[in-house]
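Now for the letters of each chain:
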2 protein chains.
Amino acid sequence: MKPNTVFKRAYNRGLARLGDYAIASDVGSEPSWSQALAVSRTTVRAIFSAFAAGGLIAYDGRRKVLLRHPVAADYYPEVETEQVGAVVEKQFMQWILHGDCKPGQQINALELSRQFGVSASAMRDYLNRFPRYGLLERRPSGSWVFKGFTEDFAEELCEVRSMFELRSALRFVSLADEEPAWAELSRIGNDHLALLEEAESRFTDFSALDERFHRCINDASRNRFIVGFYDVISLIFHYHYQWNKRHERERNIAAMREHLTYIDALQRRDAAAVTQSCNAHMATARLTLLASIQGVRETPDPGRAWPFPGRLASGERPQTRSRH
Amino acid sequence: MKPNTVFKRAYNRGLARLGDYAIASDVGSEPSWSQALAVSRTTVRAIFSAFAAGGLIAYDGRRKVLLRHPVAADYYPEVETEQVGAVVEKQFMQWILHGDCKPGQQINALELSRQFGVSASAMRDYLNRFPRYGLLERRPSGSWVFKGFTEDFAEELCEVRSMFELRSALRFVSLADEEPAWAELSRIGNDHLALLEEAESRFTDFSALDERFHRCINDASRNRFIVGFYDVISLIFHYHYQWNKRHERERNIAAMREHLTYIDALQRRDAAAVTQSCNAHMATARLTLLASIQGVRETPDPGRAWPFPGRLASGERPQTRSRH
DNA sequence: TTTTTGTTCGTTATGGATAAAAAACGTCTC
DNA sequence: GAGACGTTTTTTATCCATAACGAACAAAAA
């Protein structure tokens, strides 16, 4: 049956929100919470009931007054707040990128579902949604074949990416001055400068900035297929880089420099310079991705099981792979 | 539970195959039938059991001898041989294309499933597979929004199609002589000539030929994203033209002429001519699709003249996008 | 030995059940 | 009367059951 992860996640966020109120004060109406937590009022009512049962609030006629502030023990464990779909996605991407499966290999959905600890239906559901990425293919018999996160895949991905990005960038140049994209681009440029200043300490924030930048450009295409394709890029890069931290700092700094050149060309509306800087950046991204794949594929140190912790223990280094 | 449509379809094909045998002769082994009907031996055994139960064959030790030839009443109705997925797709595309559904409208999956006479699970399953076409979008709440088969959609589709097709065509030109694609292109060219000869009577066959031609070109890209994108094109065109037979003959003849020019340019490996003929054809295809959409959406005026010339009338600008 | 058949087991496609969540609809209060 | 609340109705997420289908294997026949 349907899991109440929506409730639990909203409940946790609701606990945090209780901190904004003083003891004995009214915490506000159900609709306002519905809006704030982005869930239906039905769920808000369930949360309030739980708050009341836990002695956090008390009903006083129509008012709901805060009795005490929440403590750590009030929260649901993080792990219980994940949707099955998200769990499957995470596990599946790990399975793919960790690379126990060879290109062309048939996928046993049932065994995978057991391995991931989800039902066969959930697995099927996920696989159904996945094939648009071109990594999976459906056999006529109904089973699935993993096409492989190969160099070919990366090459083809990058080829289309380059086409789309250049097209979008050139269209960006012809946007009217009052388009909000210009302001966003300007902000992104400033954020690059700020991040470069602190590159030593905060360079991992680059990933989010990178996505923001390229989405900003791709959005200018006003083409749902181009914009949608960036979801694939985003997914692949997101997961891939998560397991390839090698030379991350140098890589990111170089990418930021390229971005700045690129942004400058856009702002000058210099089509030739945009073309050049865009192509240059795409070429770098391609090389990075390819190198990254080889890094995963090569020398799989068999002595080391992949240390997928359910949750990283504190003090544990996040996501390093010592074989690099 | 799982429907036995595979069995029924194979059974019908098996009945037809029984006609090849003489009364009282051995109809052959299970493996040979498994191969011929492209189903597993398990299914063949089920079919043979049904044949025996229906008095069509009799087991004589290890031999299976034909008792009588099948008659019309032996066949399962065609309708029962369709997979649920196929039924949903057909109904859904029909609903979209002639439908009263407006762009941006929320889709009620449960009601649709009732309307189509399938289970909610099947509907959900289908919707999960569908969104890659960019026509549907998932709301965070889990429901679906129909983005609309609008002119914008068609424009964006055609834009990407043009990019991909040109890229593929230019790569086609650089294929080595011994690549089988050249032979296929040559056959396709001949089939065009043959079809033009009989255009009066067989012009509906053009649809299949058109797909074969463009797939042949797109395959040259050797890029799974480009090749995969043609599935979207194919689906849209397939279903759309099915309900827009207006001016079909003129449309098809014009397209075939353009194809022949295009093919000739490819065979001469003349990149400039390829670029020109490809772009011209893409522009025509775009106009055809747009007109076709308007034909569905607007008052279907059967008397109206075909509003798009096979070749662009002089002075008409190709590929204008009024919103830029 | 090679092919065919009987049998068993594992996997997939679909429908159905159920609790969660959202939406809709009144009623009530300030 | 606008917004808040209580209640009912509808829709969704997930799991499960089951028959269909496929694949592998052993025994039997050619």
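Everything in this summary refers to the structure shown in the same document. Just so we're clear, the structure is a prediction, and the values are computed from it rather than from any experiment. (Residues numbered from 1 in each chain as written. Chains lettered and ligands numbered in written order. Predicted model: local features only at pLDDT ≥ 70, side-chain atom pairs only at ≥ 80, totals over all residues. Heavy atoms only, no water.)

Points about the protein's contact with DNA strand C
This is how the line gets drawn: Residue proximity to a molecule or strand is established when one non-hydrogen atom of the residue lies within 4 Å of it. Definition of a polar contact: a pair of N or O atoms within 3.5 Å, with one able to donate and the other able to accept a hydrogen when the atoms are protein atoms, and with sequence-neighbouring residues admitted only if both atoms are side-chain atoms. Numbering of helices and strands starts at the N terminus; helices are DSSP runs of H or I of at least 4 residues and strands are runs of E of at least 2. Note on residue classes: Ala, Val, Leu, Ile, Met, Phe, Trp, Tyr, Cys and Pro are nonpolar, Asp, Glu, Lys and Arg are charged, and everything else, Gly too, is polar.
With respect to spatial proximity, 36 residues lie near DNA strand C, and among them Thr43 and Arg124 of chain A together with Arg41, Lys64 and Ser119 of chain B are the closest. Sugar plus phosphate, as a fraction of atoms of DNA strand C within 4 Å of the protein: 66%. A distance of 2.8 Å separates a phosphate oxygen of DNA strand C from a polar atom in the backbone of phenylalanine 7 of chain A. In this structure, methionine 1 of chain B approaches DNA strand C through a main-chain N or O atom, which is 3.1 Å from a base oxygen. For the surface near DNA strand C, the elements supplying multiple residues, two or more each, are α1 (5–18), α3 (41–53) and α5 (109–116) of chain A together with α2 (30–37), α3 (41–53), α4 (84–97) and α6 (120–129) of chain B. The class makeup of the residues in the surface near DNA strand C is 12 nonpolar, 12 polar and 12 charged.

Digging into the relation of the copies chain B and chain A
Each of the two copies of the chain can be brought onto the other by a rotation about an axis and a shift along it. Rules: For this overlay, a least-squares fit was computed on C-alpha atoms, restricted to residues scoring pLDDT of at least 70 in both copies. Note on contacts: a residue pair qualifies if any of its non-hydrogen atoms lie within 4.5 Å across the two residues.
Mapping chain B onto chain A leaves a residual RMSD of 0.6 Å; the transformation is a rotation of 179° accompanied by 0.2 Å of translation along its axis. Seen this way, the second copy is the image of the first under a two-fold rotation axis. A share of 90% of interface residues in chain B that are also interface residues in chain A marks the association as one of identical surfaces.

Quick word on the pairing of strand β1 (residues 57–60) of chain A
Residues and elements named next belong to chain A. This is how the line gets drawn: When DSSP finds at least two bridges between two strands, those strands are taken to pair.
In terms of strand pairing, β1 meets strand β2 (residues 63–66) through 4 bridges, oriented antiparallel. Each residue of the ladder has a partner; that of alanine 58, found in β2, is valine 65. The loop that links β1 with its antiparallel partner β2 comprises 2 residues; one of these, glycine 61, has a positive phi angle of about 60°.

A closer look at the interface of chain B and chain A
Short version of the rule: Accessible area that two parts lose when put together, with a 1.4 Å probe and added across both, is what the buried area reports. Every case where a carboxyl oxygen of Asp or Glu lies within 4 Å of a side-chain nitrogen of Lys or Arg is listed as a salt bridge.
Across the boundary between the two partners, chain B contributes 30 residues, which contact 27 residues of chain A. Between chain B and chain A the total buried area reaches about 2,600 Å² when both faces are included, carbon and sulfur atoms providing 52% of it. Looking only at chain B, the three residues that lose the most surface to chain A are Met163, Arg224 and Phe225 of chain B, adding up to 28% of its buried area. In this structure, the connection of chain B to chain A is made through 8 salt bridges. Between arginine 124 of chain B and aspartate 125 of chain A there is a salt bridge, with its nearest N and O atoms 2.7 Å apart. Going through the elements one at a time, α6, α7 (151–173) and α11 (224–242) of chain B are the ones with two or more residues in the side of chain B that touches chain A. Here the element with the most residues in the side of chain B that touches chain A is α7 of chain B; it accounts for 10 residues.

Topic: the protein's contact with DNA strand D
Every one of the 38 residues lining DNA strand D counts as a neighbour, but Arg41, Lys64 and Ser119 of chain A together with Asn108 and Arg124 of chain B are closest to it. The sugar-phosphate share of atoms of DNA strand D within 4 Å of the protein amounts to 68%. Arginine 45 of chain A places a side-chain nitrogen or oxygen 2.8 Å from a phosphate oxygen of DNA strand D. Here a phosphate oxygen of DNA strand D sits 2.4 Å away from a polar atom, N or O, in the side chain of arginine 124 of chain B. Elements that contribute at least two residues to the surface near DNA strand D include exactly α2 (30–37), α3, α4 (84–98) and α6 (120–129) of chain A together with α1 (5–18), α3 and α5 (109–116) of chain B. Here the surface near DNA strand D is composed, by residue class, of 13 nonpolar, 13 polar and 12 charged.

Considerations on the pattern of salt bridges
Our working rule: Think of it in three bands: with a 1.4 Å probe and only protein chains considered, a residue is buried below 20% of the maximum accessible area for its type, exposed above 50%, and partly exposed in between.
Tallied over the entire structure, the rule returns 39 salt bridges over all chains. For arginine 215 of chain B, the salt bridge is made with glutamate 211 of chain B, and the minimal N-O distance between the two is 2.8 Å. One end of the pair, arginine 215 of chain B, and the other, glutamate 211 of chain B, are both in helix α10 (residues 206–219), 4 residues apart, so they sit about a helical turn from each other. In this structure arginine 215 of chain B comes out as partly exposed when scored by relative accessible area, which is 23%. Between aspartate 231 of chain B and arginine 215 of chain B there is a salt bridge, with the nearest N and O atoms lying 2.9 Å from each other. Remark: arginine 215 of chain B occurs in helix α10 and aspartate 231 of chain B occurs in helix α11; sequence separation between them is 16 residues. Looking at aspartate 231 of chain B, the relative accessible area reads 36%, which means it is partly exposed. Taken together, the shared-partner salt bridges connect Glu184, Arg187, Asp191 and Arg212 of chain A into one network.

What about the sheet that holds strand β5 (residues 144–146) of chain B?
All names here are of chain B. Note the cut-off: To obtain each axis, a line is fitted to C-alpha atoms, and for helices this fit is confined to the stretch in contact; angles are then taken between N-to-C directions over 0 to 180 degrees.
Judged by pairing direction, the sheet is antiparallel, and its 3 strands sit side by side in the order β3-β5-β4 without closing on themselves. Whereas interior strands pair on both sides, the edge strands pair on one side only; in this sheet they are β3 (105–107) and β4 (136–138). On average, adjacent strands in this sheet sit at an angle of 35° to one another, irrespective of strand direction. Relative to β5, β4 runs antiparallel, the two sharing 3 bridges. Note that in β5 the partner of leucine 136 across the bridge is phenylalanine 146.

Some remarks on the packing of aromatic side chains
Note the cut-off: Stacked, tilted and edge-to-face are the three classes applied to pairs of Phe, Tyr and Trp rings, where Trp contributes its six-membered ring and a pair requires centres within 6.5 Å; stacked means planes under 30 degrees apart, edge-to-face means over 60, and tilted covers the rest. Two conditions define a charge located above a ring, namely a distance within 6 Å from the ring centre to NZ of Lys or CZ of Arg, and an angle within 35 degrees of the ring normal.
Inspection of the entire model under this criterion finds 33 aromatic pairs over all chains. Arranged with centres 5.5 Å apart and planes meeting at 90°, the rings of phenylalanine 164 of chain A and phenylalanine 229 of chain A form a pair that is edge-to-face. Linking phenylalanine 164 of chain A in helix α7 (residues 151–173) with phenylalanine 229 of chain A in helix α11 (residues 224–242), this pair joins segments that are 65 residues apart in sequence. Judged by relative accessible area, phenylalanine 229 of chain A falls into the buried class, the value being 10%. In textbook terms, an aromatic cluster arises when at least three aromatic residues are bridged by ring pairs, as seen for Phe153, Phe164, Phe225 and Phe229 of chain A together with Phe153, Phe164, Phe225 and Phe229 of chain B. Between the NZ or CZ atom of arginine 17 of chain A and the centre of the ring of tryptophan 33 of chain A, over which it lies, the distance is 4.6 Å.

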